[in-house]
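# Notes for the structure review
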Amino acid sequence: MPFSSLGLTEPLQRAASDWNYLEVTPVQAAVIPAILEGRDVRAAAQTGSGKTAAFALPLLQRLSSGPRERGRLVRALILVPTRELAAQIGAAIRHFGRYLPAPLKTLVVYGGVSINPQMMALGGGADVIVATPGRLLDLIGHNAVSLAAVSTLVLDEADRLFALGFAEELGRILALLPARRQSLLFSATFPPAVQAFAEGLLHDPLRIEIAAGPATTPAILQRAIEIDAPRRTQLLRHLIETNPWPRVLVFVATKYATEHVAEKLRRAGLAATALHGELSQGARTQALADFKAAKARVLVATDVAARGLDIADLPVVVNYDLPRSPVDYVHRIGRTGRAGASGAAVSFISAETDAHFRLIEKRQGLRLDREQVAGFEPVEIAPPLAPGGGGVKGRRKSKKDKLREAAAGIKAVEPVPPLNPAPPANAFAWHRRLPRGRP
Ligand code: AMP
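Quick summary incoming for the structure in this document. (Residues numbered from 1 in each chain as written. Predicted model: local features only at pLDDT ≥ 70, side-chain atom pairs only at ≥ 80, totals over all residues. Heavy atoms only, no water.)

Looking only at helices and strands, the protein chain features 16 helices and 15 strands. Within the protein chain, contacts between residues separated by at least 24 positions form 76% of all contacts whose residues are at least 6 apart in sequence. Looking at the protein chain as shown, the accessible area adds up to about 18,500 Å², and 55% of this sits on carbon and sulfur atoms. (Helix = DSSP H or I, 4+ residues; strand = E, 2+ residues; numbered from the N terminus. Contact = heavy atoms within 4.5 Å. Areas by Shrake-Rupley, 256 points an atom, 1.4 Å probe, with all protein chains shown as cover.)

Of all seven residues in strand 8 (residues 220-226), seven are buried, a share of seventy percent or more. The alternating pattern of strand 8 places Ile 220, Gln 222, Ala 224 and Glu 226 on one face and Leu 221, Arg 223 and Ile 225 on the opposite face, and all of these are buried. Where strand 8 lies against strand 13 (residues 343-349), seven bridges are found, and the strand directions are parallel. In the strand pairing of strand 13, Ile 225 is matched with Phe 348. (Buried < 20%, exposed > 50% of the residue type's maximum accessible area, 1.4 Å probe, protein only. Pairing = 2+ DSSP bridges.)

What surrounds the ligand is a group of 14 residues, the closest being Tyr 21, Gln 28, Gly 48, Gly 50 and Thr 52. Tyr 21 is positioned such that a nitrogen or oxygen atom in its side chain is 2.5 Å from an oxygen atom of the ligand. Here an oxygen atom of the ligand and a backbone polar atom of Gly 50 are 2.8 Å apart. Here the ligand has 490 Å² of accessible area as a free molecule, and 84% of this is covered by the chains. Tallied by class, the residues present in the shell around the ligand amount to three nonpolar, seven polar and four charged. There are two domains that each give the shell around the ligand at least three residues, and those are domain 1 (3-209) and domain 2 (214-371). (Near = heavy atom within 4 Å. Polar contact = N/O pair within 3.5 Å; in protein donor to acceptor, adjacent residues only side chain to side chain. Nonpolar A, V, L, I, M, F, W, Y, C, P; charged D, E, K, R; others polar. Domains from an automatic or database assignment.)

Right, let's talk about the sheet that holds strand 5 (residues 152-155) for a bit. Across the sheet, seven strands lie side by side as 3-4-2-5-6-1-7; this open sheet has parallel pairing. Edge positions in the sheet fall to strand 3 (106-109) and strand 7 (206-209), since each has one partner strand and no second. Strand-to-strand twist across the sheet, computed as the mean angle between neighbouring axes with direction ignored, equals 10°. Bridge analysis of strand 2 (residues 74-79) against strand 5 gives four bridges, and the strand direction is parallel. Counted as the bridge partner of Leu 77 is Leu 153 from strand 5. Here helix 9 (residues 192-201) sits on the sheet in contact with strand 1 (41-44), strand 5, strand 6 (182-187) and strand 7, set at roughly 165° to strand 6. (Axes fitted to C-alpha atoms, helices over the stretch in contact; angles between N-to-C directions.)

As a further point, take the packing of helix 10 (residues 232-242) against helix 11 (residues 255-267). Where helix 10 meets helix 11, the closest approach of the two axes is 10 Å, and the angle between their N-to-C directions is 50°. One element, helix 10, and the other, helix 11, form an angle in the oblique class. Handedness of the helix 10/helix 11 crossing: right-handed. Together, Thr 233, Leu 236, Arg 237 and Ile 240 of helix 10 and Val 261, Lys 264 and Leu 265 of helix 11 make up the contact between the two elements. For the contact of helix 10 with helix 11, the class distribution of residues is four nonpolar, one polar and two charged. (Parallel < 35°, antiparallel > 145°, perpendicular 65-115°, else oblique. Left-handed = near helix turned anticlockwise from the far one by under 90°.)

Taking 1.5 Å of rise per residue, the 12 residues of helix 12 (residues 281-292) would be expected to cover 16 Å, and the 16 Å separating its terminal C-alpha atoms lies within 8% of that figure. Residues of helix 12 that are buried: Gln 281, Arg 284, Ala 287, Leu 288, Asp 290 and Phe 291. (Expected span 1.5 Å × (residues − 1).)

The next point concerns the pairing of strand 9 (residues 248-251). Each regular strand displays side chains that alternate between the two surfaces of the sheet. Here strand 9 shows a buried face lined by Val 248 and Val 250 and a second buried face lined by Leu 249 and Phe 251. For strand 9 and strand 11 (residues 298-301), the ladder comprises four bridges, and the chain directions are parallel. Across the sheet, Val 250 pairs through a bridge with Val 300, a residue of strand 11.

Take the nonpolar core next. Val 31, Phe 55, Leu 57, Ile 78 and Val 130 are the most contacted members of the largest nonpolar core, which totals 44 residues. By residue number, the principal contributor to this core is helix 3 (residues 51-65), which donates eight residues. Of all hydrophobic cores here, the second largest spans 37 residues; its members include Leu 136, Leu 139, Phe 197 and Leu 202. (Core = buried A, V, L, I, M, F, W, Y, C linked by side-chain atoms within 4.5 Å.)

All right, on to the side chain of Arg 232 then. Tracing the backbone through its elements, the reader meets Arg 232 in helix 10. A relative accessible area of 18% places Arg 232 in the buried class. Within the structure, Arg 232 has its side chain in polar contact with the side chain of Asp 321 (distance 2.7 Å). What Arg 232 contacts, discounting residues up to four positions off in sequence, is Ile 227, Tyr 320, Asp 321 and Phe 348.

Attention now goes to the environment of Gln 118. Within the element layout of this structure, Gln 118 appears in helix 5 (residues 116-121). A residue is classified by how much of its surface remains accessible, and Gln 118, at 9% relative accessible area, is buried. Spatially, the C-alpha atoms of Gln 118 and Val 108 are 8.2 Å apart, while their sequence positions differ by 10 residues. The contacts of Gln 118, once residues within four sequence positions are left out, are Val 108, Val 109, Tyr 110, Val 113, Arg 135 and Leu 139.

Here it is as structure tokens:
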């Protein structure tokens, strides 16, 4: 379906076509007409489905035809869990609005950077604010912004907002919004806390579920490679050197590991950079810019830093350390295969993490063949499964996880839909397929 069939004005269509959006994605086809009509929306959609344009384009159309506000007032509020996602959405909105006859003011506000420039920028109000909840409340506390005139609220990645413990902040923000408004909620998954929240927030919403399938989720070839944990950096280096990957995103578990692995790769002559939550915002932005501009071929990141990243042309994601939860696994591998391109997700499985990976597979309803790379065959033996499946490393929740879940009222991780139940058997030159089981 072409963009011209959705009722969007010419300036918005032109901006979409500048980014080579020719056909609408399913979430866009479903949601754009409903938002233009003023309806609430509850959409189950993953990153990669085109959901940003699905809410941004009709939002801009409605704002550009409505009256301007003055003073500290804001017309549309988009709440997101991370700074990177905020920056990304802000950039998309500025792009989509570029040909509108009267320019709209869009501001992006998040924590971790000085509040003063954000307060200054808010002088005279804004048409759109893209914000993380904590910083928005700080700005409200400083009287820099008022939500009394918000006509549209968007919650993006609502499950992440809850998982990161923002439930209380969301409640405080909602209390400041006018009762009459349009509300749009996007979430990859709907754990009970998000479901309950959506019920209270939305009025007669359009409910859509974009099933993760070939139409929306491009083919992500998932692979599992067995490797002894101490040899993972060597294997990673080997894979990067022997595959024509222009960019590689590597996930590790800790801030220390991002620096350590990046440093080792650099010493081997590969342009690698680290990204983690404790870097200053300037350093994070620089690391991402280097990666996007291909100055760094490898980005070694923690989950928290990589959440919501949209990197065009990312052929491969490597799970050097496995993610803690199946939901994080889906988020990680969704960084590749964006916008219809195909991608690969490679997970390193060691004797220690084998049982944990099986749990991730089970939640996804898939079972990947274990592969070994010639010269990197593992020699360590997997520990036997404890009776009842308990006591396996990586399977227990940390204290922090439990606290966050308790804060969010989340009882258990939702099952996630399969992304690639039957991975094709083509694949790379670098592995040889071995029968399942250890030599
Ligand atoms: P999102 O789910 O909003 O993060 O979008 C995922 C990616 O798909 C981004 O790189 C978008 O620029 C791209 N995209 C969104 N809609 C379309 C479309 N209709 N045609 C082509 N690419 C799109």
